[in-house]
Structures are given as structure tokens and as C-alpha cells.
Amino acid sequence: MNQAYAVAAVTAVVLATVLIGALGLRISRTTSDFYVASRSVKPGLNAAAISGEYLSAASFLGVAGLVLLQGPEMLWYPVGYTAGYLVLLVLVAAPLRRSGAYTLSDFAEARLESPQVRRLASLFVVGIGWLYLLPQLQGAGLTLEILTGAPDWVGGLVVALVVTGAVAAGGMRSITFVQAFQYWLKLTALLVPALFLTVAWLGDDAPRARFAEPATFREHTVVTVDDTVRIDLDRPLRVTVTGTVDDRRHDREPVALDAGVHRIGAGTSLAFPAHARVPEKAGTDRAGASSWSQPLASSREEHPLYATYGLILATFLGTMGLPHVAVRFYTSPNGTAARRTTLVVLGLIGAFYLLPPVYGALGRIYAPELSLTGEADAAVLVLPDRMIGGVGGDLLGALLAGGAFAAFLSTASGLTMSVAGVLSQDVLPSRGVRPFRLATVLAMAVPLGLSIVTANVPVADAVGLAFAVSASSFCPLLVLGIWWRGLTPPGAVAGLVVGGGAALTAVMATRAGLPAGGWSHSLLAWPAVWSVPLGFLTMVLVSLATPHRVPSTTAATLARLHLPEDLIARDGTGVGGGAGR
Amino acid sequence: MRSLMRSQLRAAMVSLGALALLVGSLPLLFSLPEVFTASDLPSPAPFVWAALGVAVYPVMWLIARWYVRRAERNERAFGKLVEGR
């Protein structure tokens, strides 16, 4: 891939972000501008901004990478990300806006009149925000490394600096323009190359991605392995090796490998003949060849149906509790606009998600070795070079690189914005524009530090973790807070701690590799199936046990959440409980 | 006030029910091999790609549009009710 084009594209995206941010700076004057753009963003602009912010690296790169690795069952990720917005729309969109709060912590305090619940909610907002920021920064590092060969921390640092600068300078209003621009950029960057790639694929007699058998190399291919891998061959294989295989050095020698497990040293190049099977990585316990055609979540799971429903619950219910998603609703002028905005968002992200699967399927055909080198997330980036080549391929690759960077920048700015909002309100001693800027630096510094010290996890996987925690903590709080009169502060605290804590512990235990396999592994790797009901149940039961703690303002608050704004304006809050049928 | 909440909750539940029925049931459907062996399809793969890759998005959008219209109608009806008191 031509580095100059890619670097130019990434630079252009970064510059455009800074410029549009600076434009916002000139009209962003008050504290209210900073936090919620003075609540005057129109549905069209706001919907593009929400979509731009929501479509992260996990959507732009991760989905295609997962489809390449594990087949169409991975399409549940984009379906879940979209359905999450539908659930958000029907259960919380308008009331959340009408609650009149800036952040999820504000909502908790307004509904429950309890500073204690507020502090706990703030803790979860910051925690989920950081969990979600981490893969954005790591993904940026990976992208820049593949494009330019820069060390993997550089990309994360670039994103961190640009985002901190843009958010600290302009706050919410400038970010709104930046993100609306980035949605259209991302859509274009994925759509145009997809059209060219499809034409190239048709011109190549439209080979089918074979889902029922292991991928094969289409032509003579040289694969260089960056990190030591163990591969599992189910039949003997002849390759030309430069480097170490099974602790023996070879220098461009043909080697016959028997069926079984082999260790390929770091930096080794393997030259595969055409039509050779792509070896499977050993140790990941991927089920056999047939698993590719199974439309259920991760094929490495022993209980795929359970894992699929774990993924569905986490994404369907987790979206509403993501801090950067929730904060966006406060920028709509009223509840009705919030609803209509969400409807436009559903259309925009649905249209976007038609594209990543195309890259995944083409990647399976044209770049199958990515599964071996552990860089499946890069499938989107390498395809134009692989399939079209020449200047055209370079230009399309550069467009995709720019789009990927837009994805990192927009999601990272939204998350930084919401985390900084909570930090400046609940942690730092004073409010206003200057503490907000300080909080922005703080909000970005922690995940940047973490991204440098922790190992890479697949982008979409890490994002799934944040969804599971959010679905088990904020989903019960929001849904019960909006629709149930009986919620009490102790109930909310208990539900947040038990539900969110259980999901977090379970996922951390899986990351640490505690249960090796079987049901206990599946249960912990996909906690949403049991941790979401656990969160709801705890919240309801503890609330029922403490009925005297129901806030006295509950009736008035619920009226404010559900009544259209124009009625309140005419009537005060006084359309009391009696106005029934 | 309770009547408004009840009607809004009902609209939300109908939408969620439609989502669960049309999208949430797909994994179960896919896990039933009989569905595919009985039909003429050589493998489930094309159906899975079509369903998860394309078809679910317009379905979800239509559910959302129905909900938005319904919720706004509920609010208008409630406004008339309050004014007519």
C-alpha cells in the first residue's frame, strides 16, 4: 500500500476535524453551549452527529474483520448495534430528553433525589466510557501501524491529542458539527471503495466466499507473521520458509509440514502455493470447517445459541446506557424532536451497516491470511490494494484509511465529551469552562495510558464488554426509573452494583482466562443473559423492600418525563395523577 | 397522567414484541437444521446473509416509524383530553 496517500488522507481528516472544531469555537460561548450545544440542534444535523459518533472503529473495521474470521454469524454485531437504537427509542428517548439533565448521573439524581446514586452512576459512566475508549485508541494504533509502519502507540496518541484539543476547545457545539461531517465521510469512505471492489469482484468471475470449508489462497501468497503463532494443520502442507518453524531456522527452503501443530517464529515468512488451505491458528479452539456456515455468535463457543443470545441482549439493551449515546439526547430541543431524531439515526446507521459485511466476505476470498497474522481488523484497509492495485487501489485505500480515522476520532470525541462532562461536574471542585478543559485532559489520559500498557484485544470484542456492563447497570436504572413509580435510591444502588458488578467481574474473569471451557466459560464470556435480569431483579426487590424511601417527588418527576413540553408550558406541572380516563 | 404512561408503555411493548418476534427469533430459526433440509436451499448461508445483512434493517426502521407515530398520537390525544376537562 502506498504510504504517502494514506498519510495524506489521515492528515486531511485530522485537519478537517480541527478546522471544523475551531469553527465551532467561535460560536461556542456559554457553559450551556459547551455541554449540550444550548439544546438547539436540529434533528437532521443531530441525527448525523449521533450516527457519526456511534459508528466506531468496531463498526468500520471490526465487523468486517469478524466476518472474515468467523463468518456471517458475526453479522449479529451490527444488527445488535442498530436494534439497540430501536430499544432506546421506544423505552427512553423522549423521557430522557424531558428529564432535562446533562448526563446519566444528572438523570439518576433528578429521578431519585439522591446524591449517593448520582455518585455511583458517575462511576459507571466514567468506567464504561474508558472501557469503550480503550479499543478506539488501540484500533487507531493498529491502523496507523499497518498503513505506515509507525509504532503501534503513535495512532492512539494522535487520536488522543486531536480529540482532547477539539473537545477542550469547542465543547459540544463544535463536536456536533465535527461528528455530522464524520458520518458522511465514513459512509462515503466505505461506499465508494465497496462499489469499485464489487466491480473488480464481478470482473474476476465473482468467486464465491466459501462458508462451509476453510479458506484457501487464490494465488501464490507470501505471509509474514509478526508475532509467534501456532498453527494446526489437518493435512500435510508444503511451504517455502524464511525464518523459524518448530525452532529450526530455514532460509528460503521448501519445507514439508506434517499434519498437526507447528510453531511459527516471529518474523517468519511463509510462501504458500496457490489453492493451499489457509492454516487454522491452534489454541483458539475454533470448531471445524463446518462452523463457518453456522449463523450463531462466535464459532469458538461451545454453546453458540446461548452466546448469540448473550450478544443480542448486551447490544439491544446496552446501547441506551452508553454515556456518549445518552448525552446526545439532551441536545435535542424537545422530547418529540428526540424521538424523530432517533428515527433518522436508525435509517442512517442501518444504511451504513449494509457495507461492512461486503468487506468481510471479500476479505475471506482475497485476504484470508489475515486470520493467520492476527490482523483481521485490517481487512477493510488492505482489500483495495489486493483486488485493484495500482494508483486506483492506493487512492481507495487512502479513502478507507481516512474513514477509519474519522471513526476513531468521532467516537473518541463523543466518549471524551461525556466522560469529561461527568468528571468536571462530580469530581472536580468547581464548574465552568476551565475545569471542563482540565477534565477533558484527564478523561483521555487514563485510557491512553491503559492502551499502551495492555495487550491488544479484537476491537469488536472489547466494545462488546462495554455493552454488557452498560446493559446490566444503566438499562435497569433507565427503564425502571422512567416507567416504574416504585423505584427507590437503595434499590437503584443495589441494582447498579449487583448487575453491573456481576457483568464486569464475569468479563474480567474470562479475559484472565479463568474457566477454560464448558458452560462456565460460556456463561462468563456472555454474561448479559443472566446479569441483565439479575440487575432488574435486584433493583425491583430492594425497592419493594424499602417502600418508605420512594422519593416524594416521584409523581411530579414522572409527569415531567412523559408529558409533552407544550402541555407543561401551558399547565405548569399540575396535570396531576388524577387526569385519567 | 397514568393513562398517558399506560398508552405509551403499551406502544413500546408492542414495538419490542415485534422486534423480539421478527429479529430475536432468528437465532432459533437458524439453529433448526430441519428448516433448511426441508427446503430446496443447498445451505442456510445465502438466507443468513440476506436476513442478517439486509432484511433486518428496513424491518427495524418500520417498527421505529410505527412507534414514533403512535407515541405522538398518544400525546396529542392526551393534550385534547386535558384541554377538554
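**Remarks on the overall build of chain A**
A tally of helices and strands in chain A yields 23 helices and seven strands. The proportion of buried residues among the 581 residues of chain A is 61%. Per element, the accessible surface of chain A, about 20400 Å² overall, is 62% carbon and sulfur.

**A look at the overall build of chain B**
Helix and strand counts for chain B come out as four helices and zero strands. The buried share of chain B, reckoned over its 85 residues, is 45%. Summarising the internal contacts of chain B: among those between residues at least 6 apart in sequence, 72% fall at separations of at least 24. Counting every atom, chain B has about 4500 Å² of accessible surface; 68% of that belongs to carbon and sulfur.

**A word on a nonpolar patch on the surface**
All names here are of chain A. Nonpolar side chains collect at one region of the surface, where W153, L157, L161, V446, L450, I452 and V453 lie side by side and expose about 660 Å² of accessible area between them. Where the nonpolar patch is concerned, the elements lending two or more residues are α9 (152-203) and α17 (433-453). Counting residues per element, the nonpolar patch draws most heavily on α17, at four residues. In this structure I452 comes out as exposed when scored by relative accessible area, which is 51%.

**A word on helix α4 (residues 57-70) of chain A**
Residue and element names in this part refer to chain A. Along its 14 residues, α4 runs 18 Å from first to last C-alpha, staying within 8% of the 20 Å computed at 1.5 Å per residue. Of all 14 residues that make up α4, 13 are buried, and the element is covered over most of its length. Positive phi appears at G71, one or two residues downstream of α4, with a value of about 90°.

**Some points on the pattern of salt bridges**
Applying the stated criterion across every chain, the model contains five salt bridges over all chains. With a shortest N-O distance of 3.0 Å, E75 of chain B and R98 of chain A are connected by a salt bridge. Of this pair, E75 of chain B sits in helix α4 (residues 45-83) while R98 of chain A is found in helix α6 (residues 93-98), placing the two residues in two different chains. Accessibility classification places E75 of chain B together with R98 of chain A in one group, the buried group. Note that R340 of chain A is salt-bridged to E72 of chain B, the shortest N-O span being 2.7 Å. Taken as a pair, R340 of chain A in helix α12 (residues 335-352) and E72 of chain B in helix α4 lie in two separate chains rather than in one. Residue classification places R340 of chain A among the partly exposed positions, given a relative accessible area of 46%. By sharing partners, the salt bridges in this structure join R98 and R339 of chain A together with E75 of chain B into a single network.

**Things to note about α12 of chain A**
Residues and elements named next belong to chain A. Here α12 contains 18 residues, and its C-alpha end-to-end distance of 26 Å stays within 8% of the 26 Å for a straight helix at 1.5 Å per residue. Burial within α12 is extensive, with 13 of its 18 residues counted as buried. Structurally, the start of α12 carries an N-cap: the backbone nitrogen of T336 is 3.1 Å from a side-chain oxygen of N334.

**Observations regarding the nonpolar core**
Counting residues in each nonpolar core, the largest one holds 176 residues, and the members touching the most others are F60, Y85 and L91 of chain A. In this view, L91 of chain A contacts M320, V479, I482 and W483 of chain A together with A12, M13 and L16 of chain B; residues no more than four positions away in its chain are not counted. Counting 19 residues, the second largest nonpolar core, distinct from the first, contains V223, I231, V239 and L372 of chain A.

**Concerning the interface of chain B and chain A**
Bring the parts together and some accessible area is lost; that lost area is often taken as the interface size. Taken together, the contact pairs 47 residues of chain B with 51 residues of chain A. Summing both partners gives a buried area of about 4300 Å² for chain B against chain A, and 73% of it is carried by carbon and sulfur. Of all residues in chain B, the largest losses of buried area upon contact with chain A belong to M1, W49 and Y57 of chain B, amounting jointly to 18% of the total for that side. Inspection of the region where chain B meets chain A yields three salt bridges. Counting across the chain B and chain A interface gives six residue pairs in polar contact (both at pLDDT 80 or more). Those elements giving two or more residues to the side of chain B that touches chain A turn out to be α1 (2-24), α2 (26-30) and α4 of chain B. With 23 residues, the top contributor of residues to the side of chain B that touches chain A is α4 of chain B.

**Re the side chain of N74 of chain B**
Its location among the elements puts N74 of chain B in helix α4. If sequence neighbours within four positions are ignored, N74 of chain B has contacts with L4, S7, Q8 and A11 of chain B.

**Remarks on the packing of helix α10 (residues 304-318) of chain A against helix α21 (residues 528-545) of chain A**
All names here are of chain A. In contact at an axis separation of 8 Å, α10 and α21 are set at 45° when each is read in the N-to-C sense. Between α10 and α21, the angle falls in the class oblique. On α21, the residues that touch Y306, Y309, G310, L313, A314 and L317 of α10 are A528, V529, W530 and V532. By residue class, the composition of the contact of α10 with α21 is nine nonpolar, one polar and no charged.

**Digging into the packing of aromatic side chains**
The geometry of two aromatic rings is summed up by the distance between their centres and the angle between their planes. The full count for this structure, using the stated rule, is twelve aromatic pairs over all chains. With 5.6 Å between their ring centres and 90° between their planes, F405 of chain A and F408 of chain A make a pair best called edge-to-face. Of this pair, F405 of chain A and F408 of chain A both sit in helix α16 (residues 390-426), three residues apart, which is roughly one turn of that helix. On the basis of relative accessible area, F405 of chain A is assigned to the buried category, the value being 0%. We classify F408 of chain A as buried; its relative accessible area is 0%. Three or more aromatic residues joined by ring pairs form one cluster here, namely Y54, F60, Y77, Y81, Y85, Y132, F352, Y353 and F467 of chain A together with Y57 of chain B.

**Quick notes on the confidence of the model for chain B**
Taken over all residues, the pLDDT of chain B has a mean of 82, while the share at 70 or more is 84%. Element-level mean pLDDT values for chain B span from 55 in helix α3 (residues 33-38) of chain B up to 89 in α1 of chain B.

**Quick look at the environment of P78 of chain A**
All names here are of chain A. With respect to the helices and strands, the residue P78 is situated in helix α5 (residues 76-91). You can call P78 buried: its relative accessible area is 1%. For the pair P78 and T315, spaced 237 residues apart in the sequence, the C-alpha separation amounts to 9.1 Å.

**Description of the pairing of strand β2 (residues 229-233) of chain A**
All names here are of chain A. Residues V229, I231 and L233 point to one face of β2 and are all buried, whereas R230 and D232, pointing to the other face, are not buried. Taken together, the five bridges between β2 and strand β5 (residues 260-264) define a ladder with antiparallel strand orientation. Residue pairing across strands places V229 opposite I264, the latter belonging to β5.

**Details of the packing of α5 of chain A against α12 of chain A**
Residue and element names in this part refer to chain A. At a closest axis distance of 10 Å, the pairing of α5 and α12 adopts a crossing angle of 170°. Comparing their axes, α12 and α5 come out roughly antiparallel. The segment α5 lies against α12, with Y81, T82, Y85, L86, L88 and L89 engaging R339, T342, V345, L346, I349 and G350. Here the contact of α5 with α12 is built from residues that sort into eight nonpolar, three polar and one charged.

**Looking at the confidence of the model for chain A**
For chain A, the average pLDDT comes to 80, and 85% of its residues sit at 70 or higher. Helix α2 (residues 31-36) of chain A is the least confidently modelled element of chain A, averaging 56 in pLDDT, while α21 of chain A averages 94, the highest of any element.

Cut-offs applied
Here, residues in each chain are numbered from 1, in the same order as that chain's written sequence. Written order determines the labels here, with chains lettered from A and ligands numbered from 1. Totals for whole chains, interfaces and linings use all residues, but because this is a predicted model, local features are given only for residues with pLDDT of at least 70 and pairs of side-chain atoms are given and counted only at 80 or more. Side-chain numbers come from the whole structure's heavy atoms, not from hydrogens or water. The helix and strand labels rest on DSSP assignments: H or I over at least four residues marks a helix, E over at least two residues marks a strand, and numbering proceeds from the N terminus. Throughout, exposure labels follow a simple rule: accessible area from a 1.4 Å probe, protein chains only, divided by the maximum for the residue type, with under 20% read as buried, over 50% as exposed, and the rest as partly exposed. Accessible areas in this description were obtained via Shrake-Rupley with a 1.4 Å probe; residue shielding takes into account the shown protein chains only. Residues are treated as being in contact if the distance between any of their heavy atoms lies within 4.5 Å. A patch is a set of surface residues, each over 30% in relative accessible area and not in a salt bridge, joined within 9 Å for like charges and within 5 Å for the nonpolar side chains Val, Leu, Ile, Met, Phe, Trp and Tyr. When a carboxyl oxygen of Asp or Glu is within 4 Å of a side-chain nitrogen of Lys or Arg, the pair counts as a salt bridge. An expected span of 1.5 Å times one less than the residue number is assigned to each helix. Counting of polar contacts relies on pairs of N or O atoms within 3.5 Å, with two restrictions inside protein: one atom must be capable of donating a hydrogen and the other of accepting it, and residues adjacent in sequence are counted only when both atoms are side-chain atoms. For our purposes a nonpolar core is just a set of buried Ala, Val, Leu, Ile, Met, Phe, Trp, Tyr and Cys residues, chained together by side-chain atoms within 4.5 Å. Here the quantity called buried area is the total loss of accessible area, with a 1.4 Å probe, experienced by two parts when brought into contact, counted for both. To get an axis, a line is fitted to the C-alpha atoms, and for a helix only the part in contact is used. The angle between two axes follows their N-to-C directions and goes from 0 to 180 degrees. Throughout, the term roughly parallel applies to angles under 35 degrees, roughly antiparallel to angles over 145, roughly perpendicular to angles from 65 to 115, and oblique to all others. Amino acid classes used here: Ala, Val, Leu, Ile, Met, Phe, Trp, Tyr, Cys and Pro are nonpolar; Asp, Glu, Lys and Arg are charged; the rest, including Gly, are polar. For Phe, Tyr and Trp, where Trp contributes only its six-membered ring, two rings pair if their centres lie within 6.5 Å, and the inter-plane angle classes them as stacked under 30 degrees, edge-to-face over 60, or tilted in between. A score between 0 and 100, pLDDT records how confident the predictor is in each residue. If DSSP finds at least two bridges between two strands, the strands pair.

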